[in-house]
Structures are given as structure tokens and as C-alpha cells.
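Chain residues, written in single-letter form:
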Number of protein chains: 2
Amino acid sequence: MPQRDPFGASGVQSRRTRPAKPPLSRDAIVEEALRQITSEDDGTMSLRKIAKALDTGPASLYAYVKDMSELQALVLDRALEAVKVDETAGSWRDRLEALLRSYIEVLMRSPAVAMMAFQTTAVGPNALRIAEALLELLAQAGVDQLNAAWAIDMLTMFVTATAAEHADGTAPGAPDGPVAQAINRAPANDYPRIHAARTEIMSGTGDERFTWSVDVLVRGILSRAQS
Amino acid sequence: MPQRDPFGASGVQSRRTRPAKPPLSRDAIVEEALRQITSEDDGTMSLRKIAKALDTGPASLYAYVKDMSELQALVLDRALEAVKVDETAGSWRDRLEALLRSYIEVLMRSPAVAMMAFQTTAVGPNALRIAEALLELLAQAGVDQLNAAWAIDMLTMFVTATAAEHADGTAPGAPDGPVAQAINRAPANDYPRIHAARTEIMSGTGDERFTWSVDVLVRGILSRAQS
DNA sequence: ACCTGAACACCGTTCAAGT
DNA sequence: ACCTGAACACCGTTCAAGT
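Computed from a prediction, not measured in an experiment: that's the story for all the values here.

Trainee: Report on helix α4 (residues 92–108) of chain A, specifying residues and quantitative values.
Mentor: Residues and elements named next belong to chain A. A rise of 1.5 Å per residue sets the reference length of α4, with its 17 residues, at 24 Å; its end C-alpha atoms lie 24 Å apart and thus fit the reference within 8%. A large share of α4 lies buried, amounting to 12 of its 17 residues. Residues Trp92, Arg93, Leu96, Glu97, Ala98, Leu99, Leu100, Ser102, Tyr103, Ile104, Val106 and Leu107 constitute the buried set of α4. For α4, the secondary structure elements touched by its buried residues are α3 (68–79), α5 (111–119), α6 (125–140), α7 (145–165) and α11 (206–225).

Structure follows, in C-alpha cells:
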């Protein structure tokens, strides 16, 4: 006879208002956290909110999770599950760009996920899976092991940073944001080069800039590798 | 007769225990915030702590600052004041690296400052000053205006991301951190490339990696510029 | 206009007490 | 071992009231 039975004799909790209170578990907590963090209208998670959604008090979660930072690491790796590492066929170059694009897309699904990718360096199975795929592609490109090892750091950093930067929803080329205002109002006397390049600074779609940036990184990495 | 006199007739607050209560002002608030955020033992700021340090209640700050995010933007640009844009003479290449090094050093003085550089894109006078200097150096390098404009975005992103990543104090090559554990424990069957490159992944000092990364970026940017 | 105390609606974490 | 209510020590922000 199990000690905890959701349909037990007490029967108090079997009201039909809630869809059968889910059992507490590490997975359930991570899943609910991910649900909150990727929710459209809020996008923010908290132990108290998770506890409430799981019909318990905040203290109960500490039986399954050491603290907030451990939960964040779990949620981050869970989110990275959606990153496709071999979406397309084709050259290593095409597959690298596709992988980075999938990566960035997943991180941008939620500002909070993007921010988490900084505070906590991902070390779960999905982070490893992505790193392995990146190393494989760089090896195909002829990059030696040392340069490849350092390069994956730069590539993941680039993806994470790009996602985090655009995480607040403001498009990069938004012509009315505070950035645009600062650039356009920059006095030509004090900042002649910014003034001269103000059009170029605001130009390009997010996609164009992403493609350009990946190209810069790949060229730089290849240039180092063969020297 | 001024309406508010710190040494007025009431005299109650002129006890010698506190060094003459500073007058409330936008600058005083930003200065106190920066002091807290760069403090060794804490490194975290809050409106309530600032208010307390300035001998008032949290509500009083809202007369000078719209909200938390505006304060963060002010603090960030104030912190960027310490970035030296023309520390050394020499080639554009040397000066570029020196500038980026000064930038990253300032951001790493406090984890919170590094994190702020993401959430809020810096648009104050110091951010402009740095951008202007970067454009000038890239122009000397022969990079055209469009490529230079997009390049400064990448360079600042790289600096900010690097600072944020190492902001938690853990050295990049720390052989006992959770990252090292994850890499070393990665099973050779599932992750053959990670396993094979595990030494290289953990190798290099922060400084060596920084130099390497700047070189990758410069090579990539120059390669794009002349195509 | 500037400043305030008090309240509102939240946080993460701890702890003694229950089962 | 798992779970709980209640407390602890915080948050940012609002608001009616004061000067």
C-alpha cells in the first residue's frame, strides 16, 4: 500500500475543479518552470509561482531542487532540448549556420531563457550535444582541435549574447527606440564618425546581421586555423 | 532663505554620527548605486538600499528617477566613464585591443555592471564616446563605413558577453568547476569529440583566450571589409 | 515640486513541526 | 524522506498626505 495516493480514502482533493493534482517531482517542477518562462504574457518564473501551480507551498520544492540557481540550470538545459543539430544536409558551412540559427531561435523564445544562458553556463546533456555537433562541423571544416575548442566558446557566446540583446522584443533596426534616438541626436561635432555612419549603424534586418556576423566569425576562425 | 537647509535651525539631523547627510539628487543616487554595485562584499544594488544610504525612504527616489531600468541605464553609462579609449599609442590594432581590454576590465569590476550591459543597451555619452573611438580605429584599419558600423556591434557584444560570462568569479580554466566536471565526465561513446578535445577545451588563461578572440574578430572583419 | 510613511504585491530561503 | 505553514529578510512601485 503506497503511502501517498492521490485518489486515497480522504478524497478531499478529488474535486473536479482541478485536473487531478500532478505528483511533485523534479521533472514536474522543471516542466512547470519552462511553461512559465515561455508563457506569452508573463515570461517570468518564480519558485512561489511554480509551487502555487503545483498546488503546494514554496518550501516543498526544496525537496527536489537545491536552490534557484540549480533550477535555472535544469530549465536551461531542458529548453536547449529544442535545438536541432542536424536540421539540414549540405556543406559544413550550411549546417553550422542552420545549427546556430536553431540555437538562437530557441533562446529567443523567451527573454528569461536567453538571460539564463549567461548567468549559468549550460552543462547538461543538451549543452553537450550542441558542443559535440559544433566540434564535428569545425573538424569537417579542417579546423584543428585547439582552435575548434576555443571557437565553440565564441560561437555559443555569440548566439547567447545576440539572443539576450534582442530578448526585450525591440527589433534591432527599430527606428524609434532609445538607441536610434541617441545615435541620431549625437552631435556631429563631438561624434563625427557616429554622425557620418548613423544610417549604416541602424541598417540591416536582424537576419542580415546574423548572417553577416556568422560569416565574420567563420572567416576569422578559419583564418586562425590555417595559420 | 532656502527652503531646505541641511544645517537649519531644527538641528536634529546635525548629529556628528553621520557625515552631513548628502542632499538628494540624481547624481547622488547614481553615485551611491555605483558604490553599492562595485562594493567588494555585496555587489548588488537596490532602490531600498540606496534610499537607506541616503537617509530617506524608497519612495523619495522616484522624484529623480523614473524607475529601476532608467537608473540601471544611468549607472551603466556612469561606469563606462572609466573606459580608456586612447590609453596607448601605436598601431590601430594595438589601440583597438587596448580599448577592448579597458572596456572588459571595467565591466568585470562588478558582475552586476556586466549583466546590466545586456539588459539595457548603453546609450549615454560614454557609450557614444566608446563607439566613436571604435569607428575611428576601424576607419584607420581601412574598413568601410557599413562593415565598421556592424562590426562595432559585434565587438561591444563580445566584450559584454565575455565580461558577463566570467562575472561570477570562476576562472575560465578552473579545473574543478561544474563545467570542467561536465566535460571530463562526458562519456566518450556519446560525445567522442568533446572527450578527445577535453584538454583543449579547458586550456588557456583568460588573457590568452581574450587575445585569441580579438584576433578572430579582427581577421573576420578585415576579411569582410576587403571583399 | 519635493518628500514622506505606509501599504501593496511580490521575492528566495529557512525552520520547526508534522506524517 | 517528504511535505507543510509560518516566518524571515528582503524586493520595486504606488499613493494619499504632508511641506
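Trainee: Would you mind going over the relation of the copies chain B and chain A in detail, with residue names and values included?
Mentor: The relation between the two chain copies is a rotation about an axis coupled with a shift along that axis. Under the fitted operation, chain B is carried onto chain A by 0.0 Å of movement along the axis and a turn of 180 degrees, and the coordinates agree to an RMSD of 0.0 Å. Taken together, the turn and the small shift mark the pair as related by a two-fold rotation axis. Closest approach to the rotation axis within chain B is made by the C-alpha atom of Gly220 of chain B, at a distance of 2.0 Å. In this assembly, 100% of the residues forming the interface of chain B have copies in chain A that are likewise at the interface, indicating an isologous arrangement.

Trainee: Break down the environment of Arg198 of chain B for me, with residues and values.
Mentor: Residue and element names in this part refer to chain B. Structurally, Arg198 is set in helix α10 (residues 198–202). In contact with Arg198, other than residues within four places in its own chain, are Ile183 and Asn184. At 2.7 Å, the side chain of Arg198 and the backbone oxygen of His195 are in polar contact.

Trainee: So what's going on with the environment of Ala53 of chain A? Residues and values would help.
Mentor: Residue and element names in this part refer to chain A. Mapped onto the fold, Ala53 is located in helix α2 (residues 47–53). Looking at Ala53, the relative accessible area reads 33%, which means it is partly exposed. Excluding residues that lie within four positions of it along the chain, Ala53 makes contacts with Glu32 and Gln36.

Trainee: Could you give me a rundown of the packing of helix α1 (residues 26–37) of chain A against α3 of chain A, with the residues and numbers involved?
Mentor: All names here are of chain A. Taken N-terminus to C-terminus, the directions of α1 and α3 make an angle of 75 degrees; their axes are 9 Å apart at the nearest point. Viewed along their axes, α1 and α3 adopt a mutual orientation that is roughly perpendicular. Taking contact as the criterion, the partners of Arg26, Ile29, Val30, Glu31, Ala33 and Leu34 in α1 are, on α3, Glu70, Leu71, Leu74, Val75, Arg78 and Ala79. For the contact of α1 with α3, the per-class residue count stands at eight nonpolar, no polar and four charged.

Trainee: A description of the packing of aromatic side chains should follow, citing residues and the corresponding values.
Mentor: Under the defined criterion, the tally for this structure stands at five aromatic pairs over all chains. Ring centres of Trp212 of chain A and Trp150 of chain B lie 5.8 Å apart, and the angle between their planes is 85 degrees; on these two criteria the pair is classed as edge-to-face. Of this pair, Trp212 of chain A sits in helix α11 while Trp150 of chain B sits in helix α7 (residues 145–165), on two different chains. When sorted by exposure, Trp212 of chain A lands in the same class as Trp150 of chain B, which is buried. With a centroid separation of 5.9 Å and an interplanar angle of 25 degrees, the aromatic rings of Phe158 of chain B and Phe210 of chain B are classed as stacked. Of this pair, Phe158 of chain B sits in helix α7 while Phe210 of chain B sits in helix α11 (residues 206–225), and the two are 52 residues apart along the sequence. Take Phe158 of chain B: its relative accessible area is 6%, and that puts it in the buried class.

Trainee: Requested: an account of the protein's contact with DNA strand D, with residues and values cited.
Mentor: Around DNA strand D there are 16 residues in total, and Thr56, Ser60 and Tyr64 of chain A together with Arg48 and Tyr62 of chain B lie nearest to it. Counting only the atoms of DNA strand D that lie within 4 Å of the protein, the sugar and phosphate share comes to 56%. Leu47 of chain B has a polar backbone atom sitting 3.1 Å from a phosphate oxygen of DNA strand D. The separation between a base nitrogen of DNA strand D and a polar side-chain atom of Arg48 of chain B is 2.6 Å. With three residues, helix α2 (residues 47–53) of chain B is the largest single contributor of residues to the surface near DNA strand D. Among the residues making up the surface near DNA strand D, the classes are represented as seven nonpolar, three polar and six charged.

Trainee: Report on the protein's contact with DNA strand C, specifying residues and quantitative values.
Mentor: Around DNA strand C, a shell composed of 16 residues is seen, among which Arg48 and Tyr62 of chain A together with Thr56, Ala59 and Tyr64 of chain B lie nearest. The sugar-phosphate portion of DNA strand C accounts for 56% of its atoms within 4 Å of the protein, the bases making up the rest. One nitrogen or oxygen atom from the main chain of Leu47 of chain A is found 3.1 Å from a phosphate oxygen belonging to DNA strand C. Between a phosphate oxygen of DNA strand C and a side-chain N or O atom of Tyr62 of chain A, the distance comes to 2.7 Å. Per-element tally for the surface near DNA strand C: the top contributor is α2 of chain A, with three residues.

Trainee: Help me get a handle on α5 of chain A, residues and values and all.
Mentor: Of the residues making up α5 of chain A, those classed as buried are Val113, Ala114, Met115, Met116, Ala117 and Phe118 of chain A. The secondary structure elements touched by the buried residues of α5 of chain A are α1, α3, α4 and α7 of chain A together with α5 (111–119) and α7 of chain B. N-cap assignment for α5 of chain A: the residue whose side-chain oxygen lies 3.1 Å from the backbone N of Ala112 of chain A is Ser110 of chain A.

Trainee: Tell me about the interface of chain B and chain A, residues and numbers included.
Mentor: Counting residues at the interface gives 57 residues for chain B and 57 residues for chain A. Approximately 5,300 Å² of surface area, both sides summed, lies buried where chain B meets chain A, with 68% of it carried by carbon and sulfur atoms. Ionic pairing is found between Arg193 of chain A and Glu136 of chain B, a salt bridge with its closest N-O pair at 2.5 Å. Our count for the contact surface shared by chain B and chain A stands at 22 residue pairs in polar contact (both at pLDDT 80 or more). Those elements that provide at least two residues to the side of chain B that touches chain A are α5, α6 (125–140), α7, α8 (178–185), α9 (192–196), α10 and α11 of chain B.

Trainee: Could you give an account of unusual backbone geometry, naming the residues involved and the relevant values?
Mentor: A positive phi angle, near 60 degrees, is found at Asp55 of chain A, a position not held by glycine. For Asp55 of chain A, a relative accessible area of 29% corresponds to the partly exposed category.

Conventions adopted
- Residues numbered from 1 in each chain as written.
- Chains lettered and ligands numbered in written order.
- Predicted model: local features only at pLDDT ≥ 70, side-chain atom pairs only at ≥ 80, totals over all residues.
- Heavy atoms only, no water.
- Helix = DSSP H or I, 4+ residues; strand = E, 2+ residues; numbered from the N terminus.
- Expected span 1.5 Å × (residues − 1).
- Buried < 20%, exposed > 50% of the residue type's maximum accessible area, 1.4 Å probe, protein only.
- Contact = heavy atoms within 4.5 Å.
- Least-squares fit on C-alpha atoms with pLDDT ≥ 70 in both.
- Polar contact = N/O pair within 3.5 Å; in protein donor to acceptor, adjacent residues only side chain to side chain.
- Axes fitted to C-alpha atoms, helices over the stretch in contact; angles between N-to-C directions.
- Parallel < 35°, antiparallel > 145°, perpendicular 65-115°, else oblique.
- Nonpolar A, V, L, I, M, F, W, Y, C, P; charged D, E, K, R; others polar.
- Phe/Tyr/Trp six-rings, centres within 6.5 Å; stacked < 30°, edge-to-face > 60°.
- Near = heavy atom within 4 Å.
- Buried area = accessible area lost by both parts, 1.4 Å probe.
- Salt bridge = Lys/Arg side-chain N within 4 Å of Asp/Glu carboxyl O.

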